[in-house]
Amino acid sequence: AVIKSVRFLKSAVDMQTLPPRLIEAAFVGRSNVGKSSLINMLCGKKRLALTSNTPGKTKMFNYFIANDQKEAHGRRFYLVDLPGVGFARVDSKTKDHWTQFTTDYFWERQSLKIVFHLIDSKIGIQKHDLELMDLVKETDIEEKYCVVLTKVDKLGNKRVHSQIIDGVLDALEEKALPLTTNIIPTSSEYKIGRDHIWKHMYRLMLS
Ligand code: GDP
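The structure displayed is predicted, hence computed values, not measured ones. (Residues numbered from 1 in each chain as written. Predicted model: local features only at pLDDT ≥ 70, side-chain atom pairs only at ≥ 80, totals over all residues.)

1. Section: the environment of M205
The line we're drawing: Helix and strand definitions follow DSSP, with helices as H or I runs of at least four residues and strands as E runs of at least two, each counted in order from the N terminus. Three exposure classes are used, all based on how many other C-beta atoms lie within 10 Å of a residue's own C-beta (placed from the backbone): buried at 20 or more, exposed at 12 or fewer, and partly exposed between those limits. Contact between two residues is assigned when their C-beta atoms, built from the backbone, lie within 7 Å.
The topology assignment puts M205 in helix α5 (residues 194–206). By C-beta crowding, M205 is classed as partly exposed, having 15 other C-beta atoms within 10 Å. Taking C-alpha positions, M205 is 23 Å from F101, a pair spaced 104 residues apart along the chain. Other than its neighbours up to four places away in sequence, M205 contacts I23, F77 and K113.

In structure tokens:
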């Protein structure tokens, strides 16, 4: 297993409050997309990631550290829970701050190895997803970028499934992002996609 232990480390509100550099994987998505559930599934925990519905928490970068115990043999790294960039319900000043923070983070955080963009498969691509894709393009992190479809258990049939994938591909094309970008279907409810994400994460982290 990649993770021997994992715990919440801290929340960061700007570039100055980020923890010391360690290899890290970021998970981005608006609240309710299924981010906490996914992080919990990946780590095999029931309630590691506090659900980000907790007011304040949604605006911070929440850091989890893996393999930080003395007896843990795995490599130490961070899992970072990032709020989505397109905050529907916040004022423009807050939105500007977080857009700027995320932009700086994508540009400057060299230890950032992977960015998982979570998209609710039942809802599909929304405005904030397109905004995030713009940010990925602008900050030149395409090779770290990967799409994760959440809650695929909610999709009724195969046709719905392919519509979602087509929607993601259209958005990638519109934003001039590579069509070879990984699109990983997941369900935290049914533990679908766990190995796929880990394999992807491992490959990028070791590269
Ligand atoms: P967050 O706000 O992005 O951290 O989202 P949560 O992980 O708290 O999940 C939001 C809601 O979606 C909760 O009611 C979860 O039970 C539900 N949910 C999350 N993942 C799944 C999934 O894989 N399948 C289904 N059916 N529901 C899910």
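Now, onward.
2. Topic: the sheet that holds strand β5 (residues 112–120)
Across a sheet, strands are paired by hydrogen bonds formed along the backbone, either parallel or antiparallel in direction. Quick reminder of the rule: We treat two strands as partners when DSSP finds at least two bridges between them. The axes are straight lines fitted to the C-alpha atoms, using for helices just the contacting stretch, and the angles between their N-to-C directions are given from 0 to 180°.
What the seven strands build is an open sheet, ordered β1-β3-β4-β2-β5-β6-β7; its pairing is mixed. Both edges of this open sheet fall to β1 (6–12) and β7 (183–185), since each of them pairs with a single strand only. Between one strand and the next, the sheet's axes are offset by a mean angle of 25°, whatever the strand orientation. Here six bridges tie β5 to strand β6 (residues 145–150), and the two strands are oriented parallel to one another. From the neighbouring strand, F116 faces β6, where its bridge partner is C146. Along the sheet, α5 makes contact with β2 (24–29), β4 (77–83), β5, β6 and β7, crossing β5 at roughly 155°.

3. A short note on the pairing of β5
It is a general feature of regular strands that their side chains alternate between the two faces of the sheet. Heads up, the rule is: When the strands point away from the viewer and the path from the first strand over the helix to the second turns clockwise, the crossover is right-handed.
By the criterion of burial, β5 is predominantly enclosed, with eight of the nine residues buried. A crossover connection joins β5 to the parallel β6 through helix α3 (residues 127–138); in handedness this β-α-β unit is right-handed.

4. Some remarks on the environment of S37
Note on placement: S37 falls in helix α1 (residues 35–43). Here S37 falls in the partly exposed class, since 17 other C-beta atoms lie within 10 Å of it. In sequence terms S37 and S11 are 26 residues apart; their C-alpha atoms lie 18 Å from each other.

5. Quick notes on the pairing of β6
Counted residue by residue, β6 has five buried out of six residues, so it is predominantly covered. Note: β6 against β7, three bridges, orientation parallel. Counted as the bridge partner of V148 is I184 from β7. Between the parallel pair β6 and β7, the chain is carried across by helix α4 (residues 158–174), and the sense of this crossover is right-handed.

6. As for α4
For clarity, the cut-off: In this scheme, a helix's expected span is set at 1.5 Å multiplied by one less than its residue total. For this quantity, the arc is that covered by the directions from the helix axis to the C-beta atoms.
In a regular helix each residue adds 1.5 Å, so 17 residues correspond to 24 Å; α4 covers 24 Å between its end C-alpha atoms and thus fits that length. Of the residues making up α4, those classed as buried are I164, V168 and L172. Seen end-on, α4 carries its buried residues on one side only, within an arc spanning 80°. Exposed side of α4, more than 90 degrees from the buried face: R159, S162, D166, D170, E173 and E174 are the residues found there.

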